[in-house]
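Tertiary structure, described
Read off the chains here:
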Amino acid sequence: MSHLKFLLAVWKANLQSAMEYRASFLAQMFGMIANNTIYFLIWVIFFDRFNDVRGWGLGDMYVTFGVSASAFGLVSILFGNTFSLGEIITRGRLDYYLSLPRPVLLHAVSSRMISSGAGDFVYGFLSYAVSGSFSWDGLLRFGLAVLLAAVVFGSFLILVQSLTFWIGSTSNLIQVATNAMVTFAIYPITLFDKSARLILFTVIPAALMGTVPASFTRHFTWQTLAILLGGAVAFLLLAIFVFQRGLRRYESGSAIQVEV
Amino acid sequence: MKKYWAIFKLQLANGLAYPGEFIGRSLMILPFMWIFYQLWRVTFEASASTEINGLTLQHTLWYLVIAEVIELSRPRVANTISDAVKDGSIAHILSKPYSFLGYHYSSSMADTVFRALLNLVLGGGMAWLLVGPPPSLWGFVVVLPLLLGAWALNYCIAALIGLLAFWVEDISAFQWIYQKLAFILGGLLIPLNFYPTWLRTIAEALPFSAMTYAPASLFVSPTLNGFLTAAGLQLLWLLLFVGGLGLLYRRSVTVLTVNGG
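Quick summary incoming for the structure in this document.

1. Details of the overall build of chain A
- Each helix and strand in chain A was counted, giving 13 helices and 0 strands.
- Starting at the N terminus and ending at the C terminus, chain A contains elements arranged as α-α-α-α-α-α-α-α-α-α-α-α-α.
- A globule of 260 residues ought to have a C-alpha radius of gyration of about 18 Å, and chain A, at 19 Å, matches this closely.
- The dimensions of chain A, computed from C-alpha atoms along their principal axes, are 60 × 45 × 35 Å.
- Partitioning the contacts of chain A with sequence separation of at least 6, the portion at a separation of at least 24 is 80%.

2. Focus on helix 12 (residues 211-218) of chain A
- Counting buried positions over the 8 residues of helix 12 of chain A gives 8, a clear majority of the element.
- For helix 12 of chain A, the complete set of buried residues consists of Thr-211, Val-212, Pro-213, Ala-214, Ser-215, Phe-216, Thr-217 and Arg-218 of chain A.

3. Comments concerning helix 4 (residues 57-73) of chain B
- Under the 1.5 Å per step criterion, the end-to-end length of helix 4 of chain B is 24 Å for 17 residues, consistent within 8% with the ideal 24 Å.
- Of all the 17 residues making up helix 4 of chain B, 14 are buried; the element is thus mostly covered by neighbouring parts of the structure.

4. Quick look at the packing of helix 8 (residues 136-162) of chain A against helix 12 of chain A
Residue and element names in this part refer to chain A.
- Where helix 8 meets helix 12, the closest approach of the two axes is 8 Å, and the angle between their N-to-C directions is 160°. When the interaxial angle is binned, helix 8 and helix 12 end up roughly antiparallel. Seen along the crossing, helix 8 lies across helix 12 with a hand that is right-handed. Touching Gly-138, Arg-141, Phe-142, Ala-145, Leu-148 and Ala-149 of helix 8 are Pro-213, Phe-216 and Thr-217, all from helix 12.
- Looking at the contact of helix 8 with helix 12 residue by residue, the class counts come to 6 nonpolar, 2 polar and 1 charged.

5. Looking at the interface of chain B and chain A
- Taken residue by residue, the interface counts 28 residues in chain B and 30 residues in chain A.
- Contributing elements (two or more residues each) for the side of chain B that touches chain A: helix 2 (19-26), helix 3 (29-47) and helix 9 (172-186) of chain B.

6. Re the packing of helix 12 of chain A against helix 13 (residues 222-247) of chain A
Residues and elements named next belong to chain A.
- Running from N to C, helix 12 and helix 13 point in directions that differ by 145°, and their axes come no closer than 9 Å. The element helix 12 and its partner helix 13 pack so that their crossing is left-handed. Contact with helix 12, carried on its side by Val-212, Pro-213, Ser-215 and Phe-216, involves Thr-224, Leu-225, Ile-227 and Leu-228 of helix 13 and no other residues of that element.
- Taken together, the residues of the contact of helix 12 with helix 13 sort by class into 6 nonpolar, 2 polar and no charged.

7. Notes on unusual backbone geometry
Residue and element names in this part refer to chain A.
- Positive phi values are uncommon outside glycine, yet Arg-54 reaches one of about 45°.
- The topology assignment puts Arg-54 in the loop between helix 2 (22-49) and helix 3 (58-78).
- Take Arg-54: there are 13 C-beta atoms within 10 Å of it, and that puts it in the partly exposed class.

What counts, and at which threshold
Residues numbered from 1 in each chain as written. Chains lettered and ligands numbered in written order. Predicted model: local features only at pLDDT ≥ 70, side-chain atom pairs only at ≥ 80, totals over all residues. Helix = DSSP H or I, 4+ residues; strand = E, 2+ residues; numbered from the N terminus. Rg over C-alpha atoms; globule rule 2.2 N^0.38 Å. Contact = placed C-beta atoms within 7 Å. Buried ≥ 20, exposed ≤ 12 C-beta atoms within 10 Å, placed from the backbone. Expected span 1.5 Å × (residues − 1). Axes fitted to C-alpha atoms, helices over the stretch in contact; angles between N-to-C directions. Parallel < 35°, antiparallel > 145°, perpendicular 65-115°, else oblique. Left-handed = near helix turned anticlockwise from the far one by under 90°. Nonpolar A, V, L, I, M, F, W, Y, C, P; charged D, E, K, R; others polar.

In structure tokens:
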């Protein structure tokens, strides 16, 4: 409970900080909505020419793209530092979080809000609204699916960035892994054979960020919910475990800095 | 010209000093090419045809290699220029005996050339393994000058966006929208051959197709006429953008205020 109160206080401070530059915040939010809308036109053009890809049509893509965008946005808004945790470790900036009586990982990842994430988050819901499969109970499932997909995505980022504890600077690896995760999440799972699908559920769990939550949004089944929930919990626990193990190896030049 | 050549060589030497960094960044092309292969393999299978709108699977994948090489290697100067404007370091370059825009062009082109080579080796290698060799060796001859034209156009647009930092606080939104317009209207992810006719007509009338579609499609189906048309289009757009960039730059410098030393 105290962790939740702490998180709420951090998020409030992040929001107030973003609102200091309100015009910039709004420009980034609406810019990102426009950006995603234009990007999605690719799929409109594709499915206009080729009606479906092994049973996947444009309606499926709206939901898949929507759930991935909202999950990406949610992580950017609430845990923006998951995108730069590796850099924080490399530069010794974990010292600041270690010196405070709060959970290091939770504090570090929640200390930044990426304003453009608000655009991604909103866009996802708009995409679902126009998908042709909108329903009020579907909207509830969409919300839950976004939450669980965000847990998977955030955990994946923490996992990859925590490798910095062992192999030093991982900026290239992080960039490639993040791009691969986001790219694979927005492509139809029916494209891939069994071995590739195994990769997309484990090493790069993009299926848990796109296809599975999208499928859960369209049709409720206990099996899909179990896969999503199990995947989210497993990846979150693994991410926390790997970060904590890595933290034992952390060293810095005692550069205690003020975080602004 | 000699000083810009020296800047180019210096930046190239900087890049070569950290090859791991460049190679690491270039690895990104591998998952892209793999997923493109999966998408188009399934699409060609579903159409039960080896050729769609004049392109085979081999053509399509090699088209995408060149399109990705152009996109992943293009000069990314918008942020560099915007940062220089915001933190005032623009004053440092303005006091030097070379042009601000010329300096950034030479410097960014060194990164571009190096990155393009790596992307071509990695992306091309993967395409070769998946669908076989490039359809025509003449494609390499045709694509080289068009690549230079595409990057020059890209540089002009990126620099125009970067200079907007004189008036707006954050240029990210302009960058995202430009990038996505280049994706859609340039035919980066889907060749324009597969577009509806009306959209293809619009796309071909804009500079984005001269930057991506023209070089990539001529790489897989090189013709002299096609090359001359594409080069002419690039030249026309370049004249327009260089003029626009020059005007905006002159106006930017007049509103520049530098405090301190």
